[in-house]
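Here is how the chains run, residue by residue.
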2 protein chains.
Amino acid sequence: MSTARITDLYEVTMAHSYLRESMTAPATFSLFVRNLPPGRGFLVAAGIESALEYLAGFRVDEEDVRAFAAALGRPTADLAPLCGLRFSGEVWAVPEGRIVLAGEPLLEVTAPLPEAQLVESYLLNQVCHQTAVASKAARCVIAAAGRPVVDFSLRRTHGLQAGDHAARLGGLVGFAGTSNVAAAGRYGLRAVGTMAHSYIEAFGDEATAFRAFARAHPGPVTFLVDTYDTRAGVTTAAQVLRELDLHEGCAVRLDSGDFLELSVASRRILDAAGLPDVKITVSGGLDEYGIADLLTAGAPIDVFAVGTRVGVAADAPYLDAAYKLVSYDGQPMMKLSAGKATAPGAKQVFRGRNFSDTVALRTETAPPGTVPVLRIVMTGGQRLDGPYALEAARSAFESDLAALPATARYIADPRPPTTAWSDGLVRLTNDVRQRIESGQRSTNNATAALPGRRG
Amino acid sequence: MSTARITDLYEVTMAHSYLRESMTAPATFSLFVRNLPPGRGFLVAAGIESALEYLAGFRVDEEDVRAFAAALGRPTADLAPLCGLRFSGEVWAVPEGRIVLAGEPLLEVTAPLPEAQLVESYLLNQVCHQTAVASKAARCVIAAAGRPVVDFSLRRTHGLQAGDHAARLGGLVGFAGTSNVAAAGRYGLRAVGTMAHSYIEAFGDEATAFRAFARAHPGPVTFLVDTYDTRAGVTTAAQVLRELDLHEGCAVRLDSGDFLELSVASRRILDAAGLPDVKITVSGGLDEYGIADLLTAGAPIDVFAVGTRVGVAADAPYLDAAYKLVSYDGQPMMKLSAGKATAPGAKQVFRGRNFSDTVALRTETAPPGTVPVLRIVMTGGQRLDGPYALEAARSAFESDLAALPATARYIADPRPPTTAWSDGLVRLTNDVRQRIESGQRSTNNATAALPGRRG
């Protein structure tokens, strides 16, 4: 199916009207997050690859036009002018994996107005959701302080695409693996997973189940130990591991109960059984807060599996993001809506040391000691390079994370670095605001002349 | 792509081991929500249709086997026994749209153990997420108290499948429309949408934009009035509507600011302009809480558009759901894990008046005055009927909602009806627990005989 009809109807009504009015001059839209959610000191740019893939393949086909016409209850012929529309524009974007802050564009699209408008819903969908999940996942990596984190979220993500993305975004921020087989294959991630409680129950007792598992899967094994009584489960696991002469690369997994108490007890049992290199994995309801609490308390946990809360970014499942018209036909644009005022003009972010970021007009020169964050990635509707390897994004994330002020990395009460606006952006914003407000005053005066009540 | 590899790796490791051990006797798994999230007095069963479609088409093909082998780092031949596996089982399910409570199965699968296990991740993904979103959307319908609610969530849902589902689930609980063009077409929903702020800005002033919109879209129009100053915007909208002699079916849309104050002001302006039948639509950050507050305060709002918070079920973005083995080879099963103990046996829910529900064994007889909620929907891997029309689900939801105690419908502090367990289920649970605990005691005794430390 063409992706062009995966859109909000108003994109279609507007594009149709623009074509009718011959308003096809270049428009620039800026996609940015207005404010960071509570509990976030930074965001990890993500969804850019999906956005660019979509734009490069965007085409309104006849089926789309029929869908548009049906949605509007109009004859197909009325919407025919939209048929064949492709994306022919230019795109600037923050490379995936780079850290961004509130008010900084993640993506800027310049294209004939109808094209630039039609793609809004899809771009927002992909960039918002993937950035939200990547940012949550990044905090888990910080909390785990070097210990491996793996993704178990598939069963709880909002649909299958979200599950696929969660696995990839985990990989992007440095997760050690994912349980999602399809995503592991697609993105070259390590697949991880062992057994469920049902497996133990089907065999009737843990020792029998563990032995059968090892028979089916030669090599290192992880045994799930909390189906009945965790301490007894660990003891049985130790017994079977010794019996099979397995230890290196092996682990026990705790999936319920008090992870601090049980990890301490498990470590003691494993060490006493002469299995100091058998690791302890925990899963179940964890995210960065749980991981940080456990490690602060000294829990001897080696691997953290995160699922539900990370895959749905449970404490911040959406971002306050916008795709705003900032320029049309050479004229800078902004809106003044209460609490939602936007800054005009195509932009660039200049990053200095320690995330001293300046949001500036794209035409401005980089202040000394700063580098631009957005780069041009499409012209004439064609990608300039890419698709980008996940490794490149991971490495961009790692560099940015290393440079990020420690306060922005806090788990409990992070403080995002503040961004400045360039003089050029401040000046343009004031100018455009004045132009609009004086325009509004004349409109209001005109409105005052509205004739009396009707009927 | 085959859907079989959209699974957690542990489903594969377990299925492989089961085949190796010839453990292919029938297993029953029960999919249920352990506890309702705070802020929910009921859940709306959803995702069942997706689940059944998946099961009916489930087949492990050669590509899947290659993906499994790659995930495990093993030769493809090792995983070959899984190739060609289909779902050949029986399924009982709650019809979509019916209201369910904590601990009540939404779906029960009985199939040879490897099959029943392999499908777990996908079933949980679809049923959890769709039930979470449908339940949130249902509360918006309750809060709107008869006024139309429409879905604007596409730009914020977690990926495209979630956007598609959110539109459908809105339709399921009685939303009046969706902005999602593709989903509207697919599910026969009314598509809705008008214009964005960018549209106004591109024209430079509201009156010009409104007139152009009406030229492109003959018939009723909705004008967005908050791009600059809402009161001035409504006045201009009224002026253009009168000029064009439009009113019936027309509306103004408020998308920012204080909706109470602005809706009152807008109503006054429209009425004064002789346009009492022009409606007021609001959008922006709303969910059931915002809707209830506005209507309690007397805001003269006619249509509520909900997006972000509903599409991601922001206050409860996941459900504490499980897919648990309750029976294998004729033997009832349960796990005892801390806080996650499950009840054994295939089940049925018998519903009496006012949601006096009894969770019982499937083999029990319906108590007088009750009817069973789960019905058999697949045998031998074939659907018995369906796919089910969305209308049927909507009508099931409406009947159940009408019968639901008022306290469960509360927006602020809902209280779910309590469910009882049948005598048969209580008895079986005690029996199985005893059996397992005595088994565990013998295992523990055996474990005590573990030889001394190694190394």
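None of the values given here were measured: they were computed from a predicted structure.

1. What about the overall build of chain A?
- Scanning chain A from terminus to terminus reveals 17 helices and 19 strands.
- On the principal axes, the C-alpha backbone points of chain A span a range of 90 × 55 × 50 Å.
- Counting across all 455 residues of chain A, residues that qualify as buried make up 59%.

2. Focus on the packing of helix α10 (residues 206–216) of chain A against helix α1 (residues 9–20) of chain B
- With their axes 9 Å apart at the nearest point, α10(A) and α1(B) run at an angle of 95° to one another. In terms of orientation, α10(A) and α1(B) fall into the roughly perpendicular class. Contacts from A:Ala212, A:Phe213, A:Arg215 and A:Ala216 in α10(A) reach B:His16, B:Ser17 and B:Arg20 in α1(B).
- In terms of residue class, the contact of α10(A) with α1(B) is built from three nonpolar, two polar and two charged.

3. A closer look at the interface of chain A and chain B
- Listed as interface residues are 102 residues of chain A and, on the opposing side, 101 residues of chain B.
- The leading source of residues in the side of chain A that touches chain B is helix α1 (residues 9–20) of chain A, at eight residues.
- Residues that form the side of chain A that touches chain B fall into these classes: 45 nonpolar, 38 polar and 19 charged.

4. Some remarks on the pairing of strand β11 (residues 303–306) of chain A
Residues and elements named next belong to chain A.
- The two faces of β11 match: Val303 and Ala305 on one face and Phe304 and Val306 on the other face are all buried.
- Judged from the three bridges that link them, strand β6 (residues 149–151) and β11 form a sheet pairing that is parallel. Opposite Val149, over in β11, you have Phe304 as the bridge partner.
- The sheet contact formed by strand β10 (residues 279–283) and β11 spans three bridges and is parallel. The residue bridging Val282 from the neighbouring strand is Phe304, located in β11.
- What joins β10 to β11 is helix α13 (residues 288–296), and the crossover it makes is right-handed.

5. Things to note about the relation of the copies chain A and chain B
- Its rotation angle being 180°, the transformation that places chain A on chain B also includes 0.0 Å of axial translation and leaves an RMSD of 0.0 Å. Here the transformation between the copies is reduced to the relation of a two-fold axis.
- By residue overlap, the copies meet face to face through one surface: 99% of the interface positions of chain A are interface positions in chain B.

6. Structural notes on the sheet that holds strand β8 (residues 222–224) of chain B
All names here are of chain B.
- Here six strands make up an open sheet; going across it, the order is β7-β6-β11-β10-β9-β8 and the pairing parallel. Looking at the sheet topology across the chains shown, the edges are occupied by β7 (177–178) and β8.
- Examined bridge by bridge, strand β6 (residues 149–151) and β7 share two bridges and lie parallel to one another. Bridging across to β7, Val150 finds its partner in Gly177.

7. A look at the packing of α10(A) against helix α11 (residues 230–243) of chain A
All names here are of chain A.
- In contact at an axis separation of 9 Å, α10 and α11 are set at 40° when each is read in the N-to-C sense. Classed by the angle they form, the pair α10 and α11 counts as oblique. The two elements α10 and α11 meet at a crossing, and its hand is right-handed. Where α10 abuts α11, its residues Glu206, Ala207, Phe210 and Arg211 lie against Gly233, Thr236, Ala237, Gln239 and Val240.
- Taken together, the residues of the contact of α10 with α11 break down into four nonpolar, three polar and two charged.

8. Considerations on unusual backbone geometry
Residues and elements named next belong to chain A.
- The residue after Gly386, namely Pro387, is reached through a cis peptide bond having omega 5°.
- Here Pro387 shows up in the loop between β18 (382–383) and α15 (390–403).
- Here Ser22, not a glycine, exhibits a phi torsion of approximately 55°, which is positive.
- With respect to the secondary-structure elements, Ser22 resides in the loop between α1 and β1 (26–33).

9. Side note on α11(A)
All names here are of chain A.
- An ideal rise of 1.5 Å per residue puts 20 Å on 14 residues; α11 measures up with 20 Å between its terminal C-alpha atoms.
- The element α11 is largely enclosed, with a buried count of 11 among its 14 residues.
- Looking at the residues trailing α11, positive phi occurs at Asp245, about 55°.

10. Overview of the confidence of the model for chain A
Residue and element names in this part refer to chain A.
- With 96% of its residues at a pLDDT of at least 70, chain A reaches an overall mean of 94.
- In the predicted structure, residues 445–455 sits below a pLDDT of 50 and forms 13 contacts with residues beyond four places in sequence or in another chain.
- On the interface metric, ipTM, the complex scores 0.95, and its pTM is 0.96.

11. Description of the pairing of strand β3 (residues 90–93) of chain A
Residue and element names in this part refer to chain A.
- Bridge count for β3 against strand β5 (residues 105–112) is four bridges, and the pairing is antiparallel. If you follow Ala93 over to β5, its bridge partner there is Leu107.
- Bridging between β3 and strand β17 (residues 375–379) involves three bridges; their strand directions are antiparallel. Residue pairing across strands places Ala93 opposite Arg375, the latter belonging to β17.

12. Concerning the sheet that holds strand β15 (residues 357–361) of chain B
- Strand order in the open sheet made by the four strands is β16-β14-β15-β19 (chain B), with mixed pairing throughout. The open sheet has two edge strands, β16 (371–372) and β19 (419–421) of chain B, and neither has a second partner.

13. Thoughts on the environment of A:Ala251
- Tracing the backbone shows A:Ala251 in strand β9 (residues 251–254).
- Ignoring any residue separated from it by four or fewer positions in sequence, one finds A:Ala251 in contact with A:Thr222, A:Val278, A:Lys279, A:Ile280, A:Thr281 and A:Val303.

The rules behind the values
Residues numbered from 1 in each chain as written. Chains lettered and ligands numbered in written order. Predicted model: local features only at pLDDT ≥ 70, side-chain atom pairs only at ≥ 80, totals over all residues. Helix = DSSP H or I, 4+ residues; strand = E, 2+ residues; numbered from the N terminus. Buried ≥ 20, exposed ≤ 12 C-beta atoms within 10 Å, placed from the backbone. Axes fitted to C-alpha atoms, helices over the stretch in contact; angles between N-to-C directions. Parallel < 35°, antiparallel > 145°, perpendicular 65-115°, else oblique. Contact = placed C-beta atoms within 7 Å. Nonpolar A, V, L, I, M, F, W, Y, C, P; charged D, E, K, R; others polar. Pairing = 2+ DSSP bridges. Right-handed = clockwise from strand over helix to strand, strands pointing away. Least-squares fit on C-alpha atoms with pLDDT ≥ 70 in both. Left-handed = near helix turned anticlockwise from the far one by under 90°. Expected span 1.5 Å × (residues − 1). pLDDT = per-residue confidence, 0-100.

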